[in-house]
Every structure is written in C-alpha cells, then in structure tokens.
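Report on the structure
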Amino acid sequence: MTTAIEKLRQYGYEMPAFMAPVASYVPTTRSGNQLFVSGQISRNEAGPVTGKLGETMNVVQGGNAAELAALWVLAQVFHAGVELDAIKRVLKLTVLVNSAPEFTEHHLVANGGSNLIVGVLGDRGKHARAAYGVAGLPMGAAVEIEAIVEV
Amino acid sequence: MTTAIEKLRQYGYEMPAFMAPVASYVPTTRSGNQLFVSGQISRNEAGPVTGKLGETMNVVQGGNAAELAALWVLAQVFHAGVELDAIKRVLKLTVLVNSAPEFTEHHLVANGGSNLIVGVLGDRGKHARAAYGVAGLPMGAAVEIEAIVEV
Amino acid sequence: MTTAIEKLRQYGYEMPAFMAPVASYVPTTRSGNQLFVSGQISRNEAGPVTGKLGETMNVVQGGNAAELAALWVLAQVFHAGVELDAIKRVLKLTVLVNSAPEFTEHHLVANGGSNLIVGVLGDRGKHARAAYGVAGLPMGAAVEIEAIVEV
C-alpha cells in the first residue's frame with residue numbers, strides 16, 4: 001500500500017521540517033480527538049509565497065500557493081506526533097485567499113489545497129470547507145489555510 | 001406542534017434540493033456529535049445572489065442574502081441525514097459579508113441569517129457567531145455562512 | 001498562587017460586566033467540554049475601539065485593540081459561568097484585523113491578544129491561531145477575536 005508520505009512525494013514534496021510560529025501561539029492544540037491547526041501561510045524554501053489574486057497573481061499561481069499552505073497543514077499535524085496514515089479525517093479547512101475586491105474565483109484557488117489533501121489522504125482527506133477573500137495576510141502571503149483534523 | 005420544516009414554509013421556503021460543492025470538498029463532515037457545514041453562499045433558484053455591501057447592495061438586501069445562505073446551511077444539515085427537528089443545537093455561525101472597506105454594519109446583515117435559524121429552530125437555533133467583512137466571495141456572492149451544528 | 005483575575009489586574013484590567021450581543025445570537029454555546037465564544041470586538045468603557053491598520057492605526061495601537069478584544073473573550077467565558085482558573089485550555093483564537101489591502105503585519109497585531117491570554121492563563125492559554133486582514137468589522141472596530149475554549 002502506498003503511504004501518505006509516498007503520495008506526498010508523488011506531488012514533489014518532502015515533509016517540511018518543524019517551524020515554530022513567528023508569534024505567541026502554538027502550531028496545534030488538541031481537544032479529545034480533534035486537532036486544531038493554526039493558520040499556515042503559503043511558503044516554500046525561500047520564504048513566504050506572496051501575492052494578491054486578481055492583482056499580482058492568477059488562479060494557477062494561487063492554486064500552487066494553496067497547495068503549499070496545505071502542505072504546511074500536513075506538516076504541522078505530522079510534527080504534532082500524528083503520522084499522516086493515522087489521521088482519521090480532515091474535518092474542516094478554512095482557505096483564506098489574499099485577493100482584490102473584484103476577484104470571484106476563491107474556490108478555484110482553494111482547490112489547490114483541497115486537491116493535495118484528498119490526493120494524499122484519500123477519503124480520509126475529504127473535508128468541509130470555507131474559502132473566501134481576505135484584505136491581506138501576514139507577510140503578504142497569497143494564501144493561508146487553517147484546519148481541524150480528527151486524529 | 002409546528003415542525004421546523006413548517007416554520008421554514010412560513011418564511012416562504014421549501015427545503016432546497018441537494019447541491020454538490022463546485023469543488024473538491026464535501027458539504028459536511030461529522031466528528032462525534034458535531035457536524036461541520038461547509039461555507040454556503042447566498043443563492044436562489046436563479047443562481048448566486050451577488051453584491052458588495054456599501055457599494056452595490058444595502059443592509060436590507062444584504063440581510064435577505066444572509067437569509068438565503070442560512071437556508072442553505074439548514075439544507076446541507078438536512079441532506080446529511082439530520083432532520084431539522086433532530087438538531088440539538090446550532091453551536092456556531094460564521095457570517096462572511098462581501099463588503100466595501102468603509103462598511104460597518106456586518107452585524108445587521110448577519111441578523112438576516114441568524115433570525116431565520118432562530119425562527120425555524122427556536123432555542124436550539126441560538127448560536128455563537130462571528131460576522132465580518134471579506135474582500136470577496138466565490139462567484140461574487142454577497143454573503144457566505146459556515147456552521148458547526150450539534151446533532 | 002496568583003489567580004488569573006489577579007494577573008488580569010496586573011495588566012490593568014477588571015473583569016468587564018456582562019454585555020449582551022447587539023444582535024440575534026448568544027455570547028457562548030457549549031458542546032461537551034468545548035465552549036464556542038462569539039466574535040468580540042475591540043471595545044473599552046467609551047465604546048468600540050475603531051480603526052483600520054495601515055491607514056488610521058499603527059501596529060502598537062492595533063496590538064492594544066487586540067488586547068481589548070481578548071479581554072472580552074475572557075469576560076464572555078467568565079460570564080458563561082466558567083472561572084478563569086477553571087479553563088482547561090484555550091484551543092483556538094481567530095484574530096480578525098480591520099486592515100488596508102497593503103498591510104502585512106496582522107500577526108504582530110494579533111500578538112496583543114495572544115499575549116494577554118497567555119499572560120493571564122499561562123500554559124493553559126497557549127492556543128492555535130489564525131490571524132488575517134478583513135475588509136471591515138462591525139461598528140468599524142479595529143480587531144475582532146473569536147475563540148474555542150476547553151472547559
């Protein structure tokens with residue numbers, strides 16, 4: 001059977017190393033079997049992936065940014081001590097898209113994140129979701145994703 | 001006793017037919033007795049109800065849009081197999097209002113959704129809530145509401 | 001041992017009196033041992049603390065506004081009948097920052113709220129968090145914070 005980590009590699013990703021929040025909070029908290037994952041911004045090895053949809057970034061680029069934010073959600077679950085194959089269900093993703101006022105395709109951008117989660121975790125990755133446009137994100141990031149995961 | 005469905009009719013609504021998400025996620029997930037409902041945009045038979053508060057839509061129109069989004073929240077709970085009369089408690093609504101930067105009456109818009117939920121479900125509908133202005137919503141919708149419901 | 005109320009006083013705050021929501025919802029709901037706290041805007045004795053980051057308010061002022069919103073989160077938990085010293089864990093804060101499109105320091109503003117919660121509650125206050133920029137907030141408030149608390 002292909003493990004979730006192997007599927008992640010098929011997307012071209014290795015599990016990112018742990019990164020502590022840049023502020024006075026923690027990456028995850030746990031309540032019973034629910035794991036709350038702090039908002040993860042789009043980020044690669046070079047730093048935050050920045051941009052504003054409908055202004056400096058198109059839907060394809062935005063989808064790639066959402067995929068990176070979703071990768072970090074998986075990384076924080078992993079670094080909380082939960083193997084990806086031990087995730088019971090991704091309950092909810094909230095996908096925040098840094099976007100200009102006239103942009104209307106937040107759902108297409110968000111799919112970049114949703115598709116990675118479902119691609120790596122299969123049915124256990126199928127989540128409820130809200131996606132919408134925000135006025136801005138920390139460090140100018142293009143996308144931020146927060147999650148609630150059943151473990 | 002008046003059922004919740006009958007009360008919904010008193011507001012002029014029939015239960016909408018099931019509508020699948022336009023993207024790679026699911027309408028609801030369940031964790032124990034909590035049901036997470038994906039963000040539902042304002043929508044009627046003709047399609048999305050669009051607009052931006054403080055720009056192309058006033059508070060009364062916005063309240064009507066919020067009512068429609070709330071109707072879809074109830075519809076998704078129903079189509080998840082939970083009769084409205086079996087809902088134990090609406091725990092939380094998040095009401096996202098597509099609005100111009102100077103708009104400040106998001107709470108009045110959100111009341112359109114809150115009032116429908118409480119009108120149909122009574123005390124079981126009394127929810128915690130956050131309401132705020134977003135830069136934009138999928139398909140230009142005026143309002144999006146997501147929910148957590150105890151079933 | 002210093003109580004949480006005493007620590008709050010060290011920050012210069014007394015527990016605010018109960019304030020009912022200005023709309024058709026309730027301040028808190030409870031599901032098992034999770035308490036959902038409605039979005040609390042920045043507010044002092046004179047009323048809402050208003051402003052837009054990157055436009056009419058700087059990061060220090062924004063951090064002070066976030067501290068006030070966090071104070072109101074604690075107040076709503078208290079008025080729901082949960083002594084601050086009985087809080088088991090603050091699971092999640094969502095910090096909404098009223099900000100101009102080019103503002104990028106939402107995390108620094110949010111720290112004003114996070115620091116108060118951790119300062120008053122210690123390890124029990126360490127929370128998952130999402131912070132982002134919104135197009136506007138009810139009554140023009142500078143910051144709104146919602147929370148999920150384990151009690």
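For the structure itself, look to the data block above.
Here's a quick rundown of the structure. Quick caveat: nothing in here was measured; it's all calculated off a predicted structure. (Residues numbered from 1 in each chain as written. Chains lettered and ligands numbered in written order. Predicted model: local features only at pLDDT ≥ 70, side-chain atom pairs only at ≥ 80, totals over all residues. Heavy atoms only, no water.)

Attention now moves to the overall build of chain A. When its secondary structure is counted, chain A shows three helices and seven strands. Listing each helix as α and each strand as β along chain A from the N terminus yields α-β-β-β-β-α-β-α-β-β. Each principal axis of the C-alpha atoms in chain A carries an extent, and together these give about 40 × 35 × 30 Å. For chain A, the residues scored as buried account for 63% of the 151 residues in total. Nonlocal contacts in chain A, meaning residues at least 24 apart in sequence, comprise 82% of its contacts between residues at least 6 apart. (Helix = DSSP H or I, 4+ residues; strand = E, 2+ residues; numbered from the N terminus. Buried < 20%, exposed > 50% of the residue type's maximum accessible area, 1.4 Å probe, protein only. Contact = heavy atoms within 4.5 Å.)

Okay, the sheet that holds strand 2 (residues 34–41) of chain A next. Residues and elements named next belong to chain A. With respect to topology, five strands assemble into an open sheet ordered 1-2-7-5-6, the strand pairing being mixed. Every interior strand has two partners, whereas the edge strands, strand 1 (28–31) and strand 6 (128–134), have only one. Between one strand and the next, the sheet's axes are offset by a mean angle of 15 degrees, whatever the strand orientation. Taken together, the eight bridges between strand 5 (residues 89–98) and strand 7 (residues 143–150) define a ladder with antiparallel strand orientation. (Pairing = 2+ DSSP bridges. Axes fitted to C-alpha atoms, helices over the stretch in contact; angles between N-to-C directions.)

Moving on: the interface of chain B and chain A. Note: interface size is frequently given as the accessible area lost on complex formation between the parts. Taken together, the contact between chain B and chain A spans 26 residues of the former and 30 residues of the latter. Taking both sides of the interface into account, the surface hidden between chain B and chain A amounts to around 2000 Å²; carbon and sulfur atoms contribute 55%. Contact with chain A buries area across many residues of chain B, yet Ser-24, Phe-36 and Ala-135 of chain B alone supply 24% of it, more than any other trio. Inspection of the region where chain B meets chain A yields one salt bridge. In this structure, Lys-92 of chain A engages Glu-146 of chain B in a salt bridge whose closest nitrogen and oxygen atoms are separated by 2.4 Å. (Buried area = accessible area lost by both parts, 1.4 Å probe. Salt bridge = Lys/Arg side-chain N within 4 Å of Asp/Glu carboxyl O.)

Before going further, it helps to examine the sheet that holds strand 6 (residues 128–134) of chain B. All names here are of chain B. The five strands are arranged 1-2-7-5-6 in an open sheet whose pairing can be described as mixed. Edge positions in the open sheet fall to strand 1 (28–31) and strand 6, since each of these has one partner strand only. If you compare each strand with its neighbour and ignore which way they point, the axes differ by 15 degrees on average.

Take the packing of aromatic side chains next. Following the criterion strictly, the structure yields three aromatic pairs over all chains and no others. These aromatic residues form a ring-pair network of at least three members: Tyr-132 of chain A, Tyr-132 of chain B together with Tyr-132 of chain C. (Phe/Tyr/Trp six-rings, centres within 6.5 Å; stacked < 30°, edge-to-face > 60°.)

At the interface, 30 residues of chain C touch 27 residues of chain A. Summed over both partners, the interface of chain C with chain A comes to about 2000 Å²; 55% of that surface belongs to carbon and sulfur atoms. When the buried area of chain C at its contact with chain A is split by residue, His-107, Arg-129 and Tyr-132 of chain C rank highest and sum to 25% of it. At the boundary of chain C with chain A, the tally comes to one salt bridge. Along the contact surface separating chain C from chain A lie 13 residue pairs in polar contact (both at pLDDT 80 or more). Per-element tally for the side of chain C that touches chain A: the top contributor is strand 6 (residues 128–134) of chain C, with seven residues. (Polar contact = N/O pair within 3.5 Å; in protein donor to acceptor, adjacent residues only side chain to side chain.)

Residues and elements named next belong to chain B. In this structure, Thr-2 sits in the segment before helix 1 (4–10). A relative accessible area of 33% means that Thr-2 is categorised as partly exposed. Spatially, the C-alpha atom of Thr-2 lies 10.0 Å from that of Asp-85, the residues being 83 residues apart in sequence. Apart from residues no more than four positions distant in its own chain, Thr-2 is found in contact with Lys-7 and Gln-10.

A few words on the pattern of salt bridges. Residue and element names in this part refer to chain B. Across all of its chains, the model carries nine salt bridges over all chains by this definition. Between Lys-126 and Asp-123 there is a salt bridge, with its nearest N and O atoms 3.0 Å apart. Residue Lys-126 is classed as partly exposed on the basis of its relative accessible area, which comes to 34%. Residue class for Asp-123 comes out exposed when judged on its relative accessible area of 58%.

One can find Ser-31 of chain C in strand 1 (residues 28–31). For Ser-31 of chain C, a relative accessible area of 4% translates into the label buried. Sequence-wise, Ser-31 of chain C and Glu-150 of chain C are 119 residues apart; in three dimensions their C-alpha atoms are separated by 9.7 Å. In contact with Ser-31 of chain C, other than residues within four places in its own chain, are Asn-33, Gln-34, Leu-91 and Glu-150 of chain B together with Phe-36 of chain C.

Copy one and copy two of the chain differ by a rotation about a common axis and a shift along it. Least-squares fitting of chain B to chain A yields an RMSD of 0.0 Å, with the transformation described by 0.0 Å of translation along the axis and a rotation of 120 degrees. Between the two chains, the operation in question is that of a three-fold axis. Of the interface residues in chain B, just 15% have counterparts in chain A that sit at the interface too, so the contact is made through distinct surfaces. (Least-squares fit on C-alpha atoms with pLDDT ≥ 70 in both.)

Geometric descriptors of this kind do not, in isolation, establish any biological role.
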